[in-house]
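Coordinates in review
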Amino acid sequence: MIDLQGFGPALLSGTWMTVQLSLASVALGLVFGLLGAAGKTSDNAFARLLGGSYTTIVRGVPETLWVLMAYFGTVSAMNFIGGLVGHDDFALSPFAAGVLALALCFGAYATEVFRGALLSIPKGHREAGLAVGLSRPRIFWRIILPQVWRIALPGLGNLYLILLKDTALVSLITLDEIMRKAQIASNATKEPFTFYMSAAFIYLSLTVLVMVALHFMEKRAAQGFARNEL
Amino acid sequence: MRHYKKILLAAAATLAFGTQAIAADKIKLGTEGAYPPFNLIDASGAVVGFDIEVGQALCAKMGSECEVVTSDWDGIIPALNAKKFDMIIASMSITDERKQAVDFTDPYYTNKLQFIAPKSADFDTETESLKGKIIGAQRATIAGQWLEDNLADTVTIKLYDTQENAYLDLSSGRLDGVLGDKFVNWEWLKSEAGKDFEFKGDPVFENDKIGIAIRKGEDDLRNKLNQAIKDIVADGTYKKINDKYFPFSIY
Amino acid sequence: MNWELFFDKWLPKMLDGAGVTLELLAIAVVAGLILAIPLGIARSSSKPWVRALPYSYIFFFRGTPLLLQLFLVYYGLSQFEAVRQSWAWNYLRDPYWCALITMTMHTAAYIAEILRGAIQAVPTGEVEAARALGMSRSKALLYIILPRAARIALPAYSNEVILMLKASAVVYTVTLFDIMGQTRTIIARTYQAELYFFIAGLFYLAITLVLTQIFRFIEHKLRVDMLQGR
């Protein structure tokens, strides 16, 4: 690794932090997305309203604001929750706040992707499941979800690439990821161009890596399915 | 097709580890880490500086174990109140506005506000001659507030997230001058980047007392800290730290 | 809560901030569109060497975070004495111009991709028909392909405008007083993070909803839904 005036290792550790942050956010975000999609496609009007407001509100407010809010705006709420379990010093770390905010935003967009995928699964599959006596959760888990995953994967992959770049916003609440490491290094060396360009190079490399990984995942998920050739 | 199971597991794990309960036996010192020479982050990632050394000396006197945590300046008081740390030792001025949000210990040094500008510039600190100039300061500092309260109609004020970014813009020529803490300016003027700049005029604000901020009502901690400040001043520890950074006393 | 102070002092500041945000957004998405047209056309070229340059441009600006691009332009470029001596410094020394330049270049990359998709979605038969009528390549592009592509691209473009509105929330980091800049400055004096982040969120949400309605109206007027072909 290039030394970069002693800040090379710092940038590398920042990269690792970015990777961890993005993976944790996507994991939680997928749960939000599934819940949102379940709400939006539900027969229950209240669940539909809940799912609808979730996507409208979250997608109408900047990611930057969610990140800042998750960190500074959850204070009273966390103190209250903490008080209930006897730890009144409960607080979200920058990492946890970042994961929460990014997952919230990822989930709002993923809701639409999952909804599209859910709607594309023929009713007959559900009915077949019921006919052979499977319970509803089991049908969802065993029959619907594996198919949804295959259909939703390309859309989710795009969202993950967006999320990867949004992780830079978590530098604003002092999580030591790539962006903040580059900031610290450029303050110390007075060479901002060098370090922001290095950071840009790291983001581009991560993007390429993710694109390659997604390609293989899509191939795997599509095993045994005929593709529509246009 | 087991991806989604792993993902659910990972999500559950994230939630479980994400929230942290802070153990009470360790005192956490909150600081900014972008305010040399008082607090800064070195190449190894360690937080160092005058504030940190004073903080550690105080901890040693109180017989407590301490850990340093950084926060960005804008959010440092909310973070204290969110119990992300137990005290702020980050060259924070004791002001009435802040006293509504936090309590302060006795001051541990005294600051002044003074303008700096290029040596070559004709820069007078009289209000009349400042007209139209672009002046930078850090957001949420008394320098920023002094500018807003006294010169809002005279100069263009630019507020930065960190003091270092204000200096970057001063040296690149985006700013005509910077208003900031005298000793921080003094340190920067000594550096390579600051060699073409100098103090301009007299300090515009003096006797700015710098204290340690703690959450409201934590009188126990405050009394212990006040005693510890007295102790390190009396036994010479404070002077040792002072002399390491400044050839004059800043107490 | 001091409501008098809120209405006399802080609310006008928030409104000022909304003005800055809207102004930046309006200029950036229009200038970005103008810059994107040649990029999108070159990107759809059949010749690989024509495609290469817009491809790299788009790859860079879509593969790195806007915050990073902003810091590169604002702090990065001033590292070089040559830049500070040139005519460009008259603009680059001003954070407003830096934000505008960065936002424009950023959104142009995304709009170019939207245009490429739209150009490729224009039915081949129509292009062939134009050529058969004796239109030159450039004439077919100007009178047939672009007007058609513009309407196909409109929904995606309106989406991009909303995304830019939210992305613009990072410009406060280079001293601009947009909605976020005002919010953070107010919080720095009032310490009411929860309240003012919430108000900022309402501002963004309101702008998003109004913009969405405006675009929906334009799409309706242009009968865009009839043209999607899918």
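Conventions used here
- Residues numbered from 1 in each chain as written.
- Chains lettered and ligands numbered in written order.
- Predicted model: local features only at pLDDT ≥ 70, side-chain atom pairs only at ≥ 80, totals over all residues.
- Heavy atoms only, no water.
- Helix = DSSP H or I, 4+ residues; strand = E, 2+ residues; numbered from the N terminus.
- Contact = heavy atoms within 4.5 Å.
- Areas by Shrake-Rupley, 256 points an atom, 1.4 Å probe, with all protein chains shown as cover.
- Buried < 20%, exposed > 50% of the residue type's maximum accessible area, 1.4 Å probe, protein only.
- pLDDT = per-residue confidence, 0-100.
- Pairing = 2+ DSSP bridges.
- Salt bridge = Lys/Arg side-chain N within 4 Å of Asp/Glu carboxyl O.
- Patch = residues over 30% accessible without salt bridge, like charges linked within 9 Å, V, L, I, M, F, W, Y side chains within 5 Å.
- Phe/Tyr/Trp six-rings, centres within 6.5 Å; stacked < 30°, edge-to-face > 60°.
- Domains from an automatic or database assignment.
- Buried area = accessible area lost by both parts, 1.4 Å probe.
- Polar contact = N/O pair within 3.5 Å; in protein donor to acceptor, adjacent residues only side chain to side chain.
- Disulfide = S-S within 2.5 Å.

Along its length, chain B carries 10 helices and 13 strands. With the C-alpha coordinates of chain B rotated into their principal frame, the extents come out at 65 × 60 × 35 Å. In chain B, once contacts between residues fewer than 6 apart in sequence are set aside, the share between residues at least 24 apart is 68%. Roughly 10300 Å² of accessible area belongs to chain B as shown, and the carbon and sulfur atoms make up 50% of that amount.

Okay, the overall build of chain C next. Looking only at helices and strands, chain C features 10 helices and 0 strands. Order of helices (α) and strands (β) in chain C, N terminus to C terminus: α-α-α-α-α-α-α-α-α-α. Based on the C-alpha atoms only, the size of chain C along its principal axes is roughly 70 × 50 × 25 Å. Each of the 230 residues in chain C was classed as buried or not, and the buried ones make up 51%.

Our focus in this paragraph is the confidence of the model for chain B. All names here are of chain B. With 90% of its residues at a pLDDT of at least 70, chain B reaches an overall mean of 88. At the low end of the mean pLDDT range in chain B sits strand β1 (residues 19-21), at 42; at the high end sits strand β8 (residues 103-104), at 96. Below a pLDDT of 50 lies the segment residues 16-24, which in the model reaches 14 contacts outside its immediate sequence neighbourhood of four places, other chains included.

Residues and elements named next belong to chain B. With respect to topology, 3 strands assemble into an open sheet ordered β3-β4-β5, the strand pairing being antiparallel. Unpaired on one side and paired on the other, β3 (34-35) and β5 (47-48) mark the two borders of the sheet. Where strand β4 (residues 39-41) and β5 come together, 2 bridges link them in antiparallel fashion. Each residue of the ladder has a partner; that of isoleucine 41, found in β5, is valine 47.

Attention now moves to the pattern of salt bridges. When charged atoms on two side chains of opposite charge get close, those side chains can pair. Under the counting rule described, the total for this entry stands at 27 salt bridges over all chains. Between Arg215(B) and Asp86(B) there is a salt bridge; the shortest N-O distance is 3.1 Å. Residue Arg215(B) is located in the loop between β13 (197-214) and α9 (219-234), and its partner Asp86(B) is located in the loop between α3 (76-81) and β7 (87-93); the two are separated by 129 residues in the primary sequence. For Arg215(B), a relative accessible area of 9% puts it in the buried group. For Asp86(B), a relative accessible area of 18% corresponds to the buried category. Overlapping salt bridges bring together Lys40(A), Arg59(A), Glu112(A) and Arg115(A) as one network.

Together, Val210(C), Ile214(C), Phe217(C), Ile218(C) and Leu222(C) line one region of the surface with nonpolar side chains, adding up to about 430 Å² of accessible area. Residue position: Val210(C) is located in helix α10 (residues 193-221).

With that settled, consider the packing of aromatic side chains. On inspection of all chains with the given rule, the structure shows 35 aromatic pairs over all chains. Considering the side-chain rings of Tyr196(A) and Phe71(C), the 5.5 Å spacing of their centres and the 75° angle between planes classify their relative orientation as edge-to-face. In this pair, Tyr196(A) is assigned in helix α9 (residues 192-221) and Phe71(C) in helix α3 (residues 66-76), connecting two distinct chains. Take Tyr196(A) and Phe71(C): they sit in the same class, and that class is buried. When the ring of Phe183(B) is compared with that of Phe246(B), the centres are 5.6 Å apart and the planes differ by 55°; the resulting orientation is tilted. In this pair, Phe183(B) is assigned in helix α8 (residues 182-190) and Phe246(B) in the segment after α10 (237-245), connecting sequence segments 63 residues apart.

Residues and elements named next belong to chain B. The domains assigned to chain B are domain 1 (23-110 + 209-245) and domain 2 (111-207). Centre-to-centre, using C-alpha coordinates, domain 1 lies 25 Å away from domain 2. Tallying the contact residues gives 17 residues for domain 1 and 18 residues for domain 2. Summing both sides of the interface, domain 1 and domain 2 together bury roughly 1500 Å²; the carbon and sulfur share of this comes to 50%. Counting the surface domain 1 buries against domain 2, the share from its top three residues, Tyr35, Asp74 and Thr110, is 31%. At the junction of domain 1 and domain 2, the tally comes to 0 salt bridges. Taken together, the links from domain 1 to domain 2 amount to 6 residue pairs in polar contact (both at pLDDT 80 or more).

A few words on the interface of chain C and chain A. At the junction of the two partners, chain C supplies 33 residues and chain A supplies 38 residues. Of the roughly 2900 Å² buried between chain C and chain A, counting both surfaces, carbon and sulfur atoms make up 76%. On the surface where chain C and chain A come into contact, there are 1 salt bridge. Across the salt bridge formed by Glu63(A) and Lys166(C), the nearest N and O atoms sit 3.5 Å from each other. Put simply, chain C and chain A have 8 residue pairs in polar contact (both at pLDDT 80 or more) between them. Looking at the side of chain C that touches chain A, the elements with two or more residues in it are α2 (48-63), α3, α8 (137-167), α9 (179-190) and α10 of chain C. A per-element tally of the side of chain C that touches chain A places α10(C) first, with 9 residues.

Residue and element names in this part refer to chain B. Counted by the stated rule, this structure contains 1 disulfide over all chains. A sulfur-sulfur separation of 1.8 Å characterises the disulfide bridge that pairs cysteine 59 with cysteine 66. Taking the sign of the S-S torsion, -85° for the link of cysteine 59 and cysteine 66, the bridge is left-handed.

As a further point, take the side chain of Thr154(B). With respect to the secondary-structure elements, Thr154(B) resides in the loop between α6 (142-150) and β11 (156-160). The contact partners of Thr154(B), leaving out residues within four places of it in the chain, are Thr127(B), Leu130(B), Lys131(B) and Gly132(B).

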